[in-house]
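Descriptive structure summary
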Amino acid sequence: MKCEVKNLEDKKVGDIELSTEVFGLPNRTDILARMVNWQLVKRRAGTHQTRGISMISGTTRKPWKQKGTGRARQGSLRSPQFRGGAVIFGPVVRDHGMGLQKKVRKLALKTALSGKLAEGRLIIVESLTSKELKTKFILTKLEKMGLKNALFIDGTQVDTNFALAVRNLPHIDVLPQQGINVYDILRRDTLVLTKAAIESLEKRLK
């Protein structure tokens, strides 16, 4: 399928042929949901923990005798009903990650790319080079393209001037092609790919 290539001035500079194997897949919300869940659980550190009774420092002596005091029987002052006692069934250090096959992750990325193209929210630019290291300079170009919420994907190296100029802009993200992921694609309204990014992605995902 043929798509037009623009520059940062929002002017057409050519055309590019996109592979249907990468950009022509049907929408699969189930695959996208599995991928997003997999990404988000991998972010969780799993280092939260509360102290069990074996971790509480204190006496192991029985507070009072079992019978005859008129009070409820107790076995330890480190029990949860006492101040400074343990926490029962609290969180423990663990890995929240779950498995997801490589072919499913690959399919999810291709589905996300295809979805952006089908929705008309995929823009292809020639390059992301910027002559000036000024946010105001880049902002005027983004306004010409009508971009307020977008993810920019460049080749293996992102232009330093462009990356530094947009880093203070809200709802604008810039990544190299090896950092592209389903979650970031879906959380931004528009996906902007360079010709170098498309070449690398098609080689990687076919």
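What counts, and where the lines are drawn
Residues numbered from 1 in each chain as written. Predicted model: local features only at pLDDT ≥ 70, side-chain atom pairs only at ≥ 80, totals over all residues. Heavy atoms only, no water. Helix = DSSP H or I, 4+ residues; strand = E, 2+ residues; numbered from the N terminus. Rg over C-alpha atoms; globule rule 2.2 N^0.38 Å. Buried < 20%, exposed > 50% of the residue type's maximum accessible area, 1.4 Å probe, protein only. Contact = heavy atoms within 4.5 Å. Areas by Shrake-Rupley, 256 points an atom, 1.4 Å probe, with all protein chains shown as cover. Lys, Arg positive; Asp, Glu negative; His and termini not counted. Charge placed at Lys NZ, Arg CZ, Asp CG, Glu CD. Domains from an automatic or database assignment. Phe/Tyr/Trp six-rings, centres within 6.5 Å; stacked < 30°, edge-to-face > 60°. Lys NZ or Arg CZ within 6 Å of the ring centre and 35° of its normal. Axes fitted to C-alpha atoms, helices over the stretch in contact; angles between N-to-C directions. Parallel < 35°, antiparallel > 145°, perpendicular 65-115°, else oblique. Left-handed = near helix turned anticlockwise from the far one by under 90°. Salt bridge = Lys/Arg side-chain N within 4 Å of Asp/Glu carboxyl O. Core = buried A, V, L, I, M, F, W, Y, C linked by side-chain atoms within 4.5 Å. Nonpolar A, V, L, I, M, F, W, Y, C, P; charged D, E, K, R; others polar.

1. Here we look at the overall build of the chain
A tally of helices and strands in the chain yields 7 helices and 6 strands. Reading the chain from its N terminus to its C terminus gives the helix and strand order β-β-α-α-α-β-α-β-α-β-α-β-α. In terms of C-alpha radius of gyration, the chain reaches 27 Å, well past the compact-globule figure of 17 Å for 206 residues. The principal-axis extents of the C-alpha atoms in the chain amount to approximately 95 × 40 × 25 Å. Per-residue burial over the chain gives 38% buried out of 206 residues. Restricting to contacts in the chain with at least 6 residues of sequence separation, those with at least 24 account for 68%. Carbon together with sulfur atoms contributes 50% to the accessible area of the chain, which is approximately 12600 Å² in total. In the chain, which carries 39 positive and 19 negative side-chain charges, the distance between the mean positions of the two groups comes to 19 Å.

2. A few points about the domain arrangement of the chain
The domains assigned to the chain are domain 1 (2-45 + 97-205) and domain 2 (49-92). The straight-line distance from the C-alpha centre of domain 1 to that of domain 2 is 55 Å.

3. Here we look at the packing of aromatic side chains
The tally for this structure, following the rule as stated, stands at 1 aromatic pair. Aromatic side chains Phe 152 and Phe 162 sit 5.3 Å apart centroid to centroid with 65 degrees between the ring planes, which places their arrangement in the edge-to-face category. Highlighted residues: Phe 152 in strand β4 (residues 150-154) and Phe 162 in helix α5 (residues 160-166), separated in sequence by 10 residues. Neither residue differs from the other here; Phe 152 and Phe 162 are each classed as buried. Geometry around Trp 64 places Arg 71 over its ring, the cationic atom sitting 3.9 Å from the centre.

4. Section: the packing of helix α3 (residues 102-118) against helix α7 (residues 195-205)
α7 packs onto α3 with a crossing angle of 140 degrees between their chain directions and a minimal axis gap of 11 Å. Between α3 and α7, the angle is such that the two are oblique. Helix-helix and strand crossings are classified by hand; for α3 and α7 the assignment is left-handed. Contact residues: α3 offers Lys 106, Leu 109, Lys 110 and Leu 113, while α7 offers Leu 201, Arg 204 and Leu 205.

5. As for the side chain of Ser 79
Mapped onto the elements of the fold, Ser 79 is located in the loop between α2 (29-43) and α3. Using a relative accessible area of 13% as the deciding quantity, one classes Ser 79 as buried.

6. Some points on the pattern of salt bridges
Applying the stated criterion across every chain yields a total of 9 salt bridges. Across the salt bridge formed by Lys 6 and Asp 10, the nearest N and O atoms sit 3.2 Å from each other. Between Lys 144 and Glu 9 there is a salt bridge; the shortest N-O distance is 2.7 Å. Of this pair, Lys 144 sits in helix α4 (residues 135-145) while Glu 9 sits in the loop between β1 (2-6) and β2 (12-17); the two residues are 135 residues apart in sequence, bridging distant segments of the chain. On the basis of relative accessibility, which here comes to 29%, the residue Glu 9 falls in the partly exposed class.

7. Here we look at the nonpolar core
Note that soluble globular proteins tend to have their nonpolar side chains buried in a common cluster. With 32 residues, the main nonpolar core has Leu 18, Phe 23, Leu 113 and Leu 193 as its most contacted residues. Broken down by element, this core gets its largest block of residues, 6 residues, from α3. One finds Ile 123, Val 125, Leu 142 and Ile 172 within the second-largest nonpolar core, a separate group that totals 16 residues.

8. A word on the packing of α2 against α3
With their axes 9 Å apart at the nearest point, α2 and α3 run at an angle of 115 degrees to one another. Considering the angle they form, α2 stands roughly perpendicular to α3. Like other packed secondary-structure pairs, α2 and α3 cross with a definite hand, here left-handed. The segment α2 lies against α3, with Ile 31, Leu 32, Arg 34, Met 35 and Trp 38 engaging Val 104, Arg 105, Leu 107, Ala 108, Thr 111 and Ala 112. In terms of residue class, the contact of α2 with α3 is built from 8 nonpolar, 1 polar and 2 charged.

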